[in-house]
Amino acid sequence: MGFVEILLIGVGLSMDAFAVAVCKGLSMTKVNIKQTLIIAAFFGGFQALMPFLGWALGSTFADKIKKVDHWIAFGLLLYIGINMIVEAVKERNDKNKFEQDSPIDYKELIMMAVATSIDALAIGVTFSFLSVNIGEACTIIGLTTFTLSVIAVFIGNLFGMKFRTWAQIAGGIILIILGTRILVQHLNGLA
């Protein structure tokens, strides 16, 4: 898996964090750079850590499931992508879900960072079945999420909730396409 594929996975995974960072931007009357960087560091840090943890778990069992690894990767990415799309549609119908609150609550921020990075744990398991440099992948995913989270706070502050649903749907579609691509490449390699 090359840089472009990992970058696209990073973009797809960061859409949940992007959507939540948009909401954090909504709660700020004026964008505070220090708070924006803290929010982005939490999201980017957890998005970088979780694939490593998933990779470590998956590497333990990789030899046992090598024959079906492409199906597992496809299934995980399909599940995560569909879940992101379903959640986006549900949240779209619940307009009052996100109320304005204080800009930084560290307990809340940790919970949001963990919640938005659970998908990255599954991606890490997938990476253990593929030839992926896990350090490089975690760095790319973390930096992508960090960068997009900074942008999201500004967007949230400027435009409100308008893009939240579409960002999550786009992230889900990207993950589904990548999962399908992995499956097709492995099946073609077996033929």
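Calculation criteria
Residues numbered from 1 in each chain as written. Predicted model: local features only at pLDDT ≥ 70, side-chain atom pairs only at ≥ 80, totals over all residues. Heavy atoms only, no water. Helix = DSSP H or I, 4+ residues; strand = E, 2+ residues; numbered from the N terminus. Expected span 1.5 Å × (residues − 1). Bend = angle between axes of the 7 residues up to and from the residue. Patch = residues over 30% accessible without salt bridge, like charges linked within 9 Å, V, L, I, M, F, W, Y side chains within 5 Å. Areas by Shrake-Rupley, 256 points an atom, 1.4 Å probe, with all protein chains shown as cover. Salt bridge = Lys/Arg side-chain N within 4 Å of Asp/Glu carboxyl O. Buried < 20%, exposed > 50% of the residue type's maximum accessible area, 1.4 Å probe, protein only. Polar contact = N/O pair within 3.5 Å; in protein donor to acceptor, adjacent residues only side chain to side chain.

Visitor: Can you help me understand helix 4 (residues 106-129) in this one?
Guide: Along an α-helix, residues three or four positions apart point the same way, because every turn accommodates 3.6 residues. Taking 1.5 Å as the rise per residue, helix 4 with 24 residues should run 34 Å; its terminal C-alpha atoms sit 35 Å apart, in good agreement. For helix 4, the principal kink sits at I118 and spans about 40°.

Visitor: What is the right way to read a nonpolar patch on the surface from this model?
Guide: A grouping of F3, V4, L7 and L8 is seen on the molecular surface, where their side chains present a nonpolar patch of about 340 Å² in accessible area. By the element assignment, L8 lies in helix 1 (residues 3-26). L8 sits in the partly exposed class, given a relative accessible area of 36%.

Visitor: Would you take a moment to explain the pattern of salt bridges for this structure?
Guide: Note that side chains of opposite charge can pair when their charged atoms are close. In this structure the tally under the stated criterion is 1 salt bridge. A salt bridge links R181 to E5, with the nearest nitrogen and oxygen atoms 2.7 Å apart. With R181 in helix 6 (residues 164-190) and E5 in helix 1, this pair connects stretches of sequence that are 176 residues apart. Given the relative accessible area of 37%, R181 is considered partly exposed.

Visitor: Would you mind going over helix 2 (residues 33-61) with me for this structure?
Guide: For helix 2, with 29 residues, the first-to-last C-alpha span of 43 Å sits near the 42 Å given by 1.5 Å per residue. By the burial criterion, the buried members of helix 2 are T36, I38, I39, A40, F42, F43, G44, Q47, M50, P51, G54 and G58. By the N-cap criterion, in which a side-chain oxygen at the helix start approaches the backbone nitrogen of a residue two or three places on, helix 2 is capped by N32, the distance to K34 being 3.0 Å.

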